[in-house]
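So the chains spell out like this:
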Amino acid sequence: MSRDKVSCDHLVAALSANLCAVPRHGPARRLVIGLVIGGAVTLAALALGLGIRRDLADAMQSSGFWMKALYAATLAMFACAATLRLARPDCGRMRGLWAMAVPIALLALAALLELARTPGSQWLTMWLGHSWKVCAANVFLLALPILAGLLWALRRLAPTRLRLAGATAGLAAGAWAACLYCLHCSETSALFVLTWYSLGIVLVAGLGALLGPRVLRW
Amino acid sequence: MRTGESELRDWMILALNGDAKAYARLLEALVPRLRAFFRRRMAGQDDDIEDLLQETLIALHTRRMTYDPTRSFTGWLYAIARYKMIDHFRRRGRTVPIEGLEDSFSIDSFEDEVGAGLDTDALLATIPDKQARAIRATRIDGLSTAEAARREGMGESDVKVSTHRGLKALAARVREAMK
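Here the structure is a predicted model, which means the values were calculated and not measured. (Residues numbered from 1 in each chain as written. Chains lettered and ligands numbered in written order. Predicted model: local features only at pLDDT ≥ 70, side-chain atom pairs only at ≥ 80, totals over all residues.)

Caption draft 1: Molecular detail of the overall build of chain A. Scanning chain A from terminus to terminus reveals 9 helices and 0 strands. Reading chain A from its N end, one meets helices and strands in the order α-α-α-α-α-α-α-α-α. Dimensions along the principal axes, computed over C-alpha positions, put chain A at roughly 80 × 35 × 25 Å. By the burial criterion, 40% of the 218 residues in chain A qualify as buried. Long-range pairs, those at least 24 residues apart, make up 89% of the contacts in chain A with a sequence separation of at least 6. (Helix = DSSP H or I, 4+ residues; strand = E, 2+ residues; numbered from the N terminus. Buried ≥ 20, exposed ≤ 12 C-beta atoms within 10 Å, placed from the backbone. Contact = placed C-beta atoms within 7 Å.)

Given below as structure tokens:
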């Protein structure tokens, strides 16, 4: 018992001896660093590998472009907020996760309106677009650097719900990757985005949930 | 005197700004609290508790940036302690069956078996000899009724009836003993 007391005193002395101040909002900073580094890699891969669409300036005038970008960006921000919260040990109940249903519901509404305006014979073409086979895969691959950055950041933080933290990090990575993918992709249908973008994002979230308990233990 | 949430929190905030003295005071105040926390949940595992205590102190040190000064300090502290304890159980749950394999196969089960044998002998001594022999033959040595009848020189129906009556008597003994 006394030996334990001594080693505990030693530990307390050692820990407090070389104390340095920690920056305010440390977890947010760290997650942003991971996000920015991962995002830069993704952007470079997108520009060099897939290429940025030539008519980007024109496309940015259209509502279809912003619908895609806003859908992905809001989802990404909600997922980032959830990840930031899960980075703390006392994250409590995660009721806020339901907020992510809002952008999804809005896009689903847009898809319904779109279906109502289009003759049934064109629904399939609209749904599959010209790139449905590669869209989800592209989003998934582009998300990997961002996911790596976020997991790197989380490893030094203190998540206690590892699977959920991994999943929200994956969701954030997928959604940011989808947001950047808008710079390449020329699809305009809400139904297309709702299906194939979301599929890619969900796959990354699944990967995050799988990796979380292995990678984030501390 | 026991320090409360607000004092611990003040020390923690000073520590986050680099005040080593406040930090040392904080850690010293946390040691008994954490020890009590683990003792309540892991009675009789003193060695594990000391390891866990030190691990928790190190974890809260390296991850102190995750404390949000606008929130409860003890909530944050015990969330870390709880996580470390669960992680400890998980790790031990995974390793002990392998580390302790020989023990759990030999010593424990040997002792249990000897103990069970002694208990059985003592119990069987309390019922009539014929019933005890019938039970031993059919239930412990695993003979069939016919084999038991031949070995013990009894009729087959006698074996059945004796076993039945003996077991009933034993059950009554055990029930009495449990009261």
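Once you've had a look at it, read on.
Caption draft 2: The overall build of chain B, seen in detail. A tally of regular secondary structure across chain B gives 9 helices and 0 strands. A total of 179 residues make up chain B; the buried ones form 24% of that total.

Caption draft 3: Fine view of the interface of chain B and chain A. In this assembly, 28 residues from chain B lie in contact with 22 residues from chain A. Contributing elements (two or more residues each) for the side of chain B that touches chain A: helix H1 (5–16), helix H2 (20–41), helix H3 (46–62) and helix H4 (73–99) of chain B. Here the residues of the side of chain B that touches chain A sort into 15 nonpolar, 6 polar and 7 charged. (Nonpolar A, V, L, I, M, F, W, Y, C, P; charged D, E, K, R; others polar.)

Caption draft 4: Region of interest: unusual backbone geometry. Residues and elements named next belong to chain A. The phi torsion at His25 lies on the positive side, around 55°, for a residue other than glycine. Among the secondary structure elements, His25 is positioned in the loop between helix H1 (2–17) and helix H2 (26–50). Look at His25 and you get exposed, because 12 C-beta atoms sit within 10 Å.

Caption draft 5: Seen up close, the packing of H1 of chain B against H2 of chain B. All names here are of chain B. At a minimum axis distance of 8 Å, the contact between H1 and H2 shows a crossing angle of 140°. Relative to H2, the element H1 is oriented oblique. In this structure, H1 meets H2 at a crossing whose hand is left-handed. Along the contact surface, H1 presents Leu8, Trp11, Met12, Leu14 and Ala15, while H2 presents Ala22, Tyr23, Arg25, Leu26 and Ala29. Looking at the contact of H1 with H2 residue by residue, the class counts come to 9 nonpolar, no polar and 1 charged. (Axes fitted to C-alpha atoms, helices over the stretch in contact; angles between N-to-C directions. Parallel < 35°, antiparallel > 145°, perpendicular 65-115°, else oblique. Left-handed = near helix turned anticlockwise from the far one by under 90°.)

Caption draft 6: Spatial organisation of the packing of helix H4 (residues 63–86) of chain A against helix H8 (residues 162–181) of chain A. Residue and element names in this part refer to chain A. Put simply, H4 and H8 touch, their axes get as near as 8 Å, and they point 155° apart. Viewed along their axes, H4 and H8 adopt a mutual orientation that is roughly antiparallel. Crossing hand, H4 versus H8: left-handed. Contact residues: Ala69, Ala72, Ala73, Leu75, Ala76, Ala79, Cys80, Ala82, Thr83 and Leu86 in H4; Leu164, Ala165, Thr168, Ala169, Leu171, Ala172, Ala175, Trp176, Ala178 and Cys179 in H8. Split by residue class, the contact of H4 with H8 holds 18 nonpolar, 2 polar and no charged.

Caption draft 7: Molecular detail of H1 of chain B. Residue and element names in this part refer to chain B. With 12 residues, H1 extends 16 Å from end C-alpha to end C-alpha; this agrees with the ideal 16 Å at 1.5 Å per step. Of all the positions in H1, only Trp11, Met12, Ala15 and Leu16 are classed as buried. Summarising the axial view, the buried residues of H1 lie within an arc of 140°, below the 170-degree limit, and thus occupy one face. The positive-phi residue at the C-terminal boundary of H1 is Gly18, with phi of around 100°. (Expected span 1.5 Å × (residues − 1). Arc of directions from axis to C-beta.)

Caption draft 8: Just H2 of chain B, in detail. Residues and elements named next belong to chain B. Taking 1.5 Å of rise per residue, the 22 residues of H2 would be expected to cover 32 Å, and the 31 Å separating its terminal C-alpha atoms lies within 8% of that figure. In H2, a bend of some 25° at Leu30 exceeds every other bend along the element, and Pro32, a proline, comes one to four places later. Listed in full, the buried residues belonging to H2 are Tyr23, Leu26, Leu27, Leu30, Leu34, Phe37 and Phe38. (Bend = angle between axes of the 7 residues up to and from the residue.)

Read these as geometric descriptors, not functional statements.
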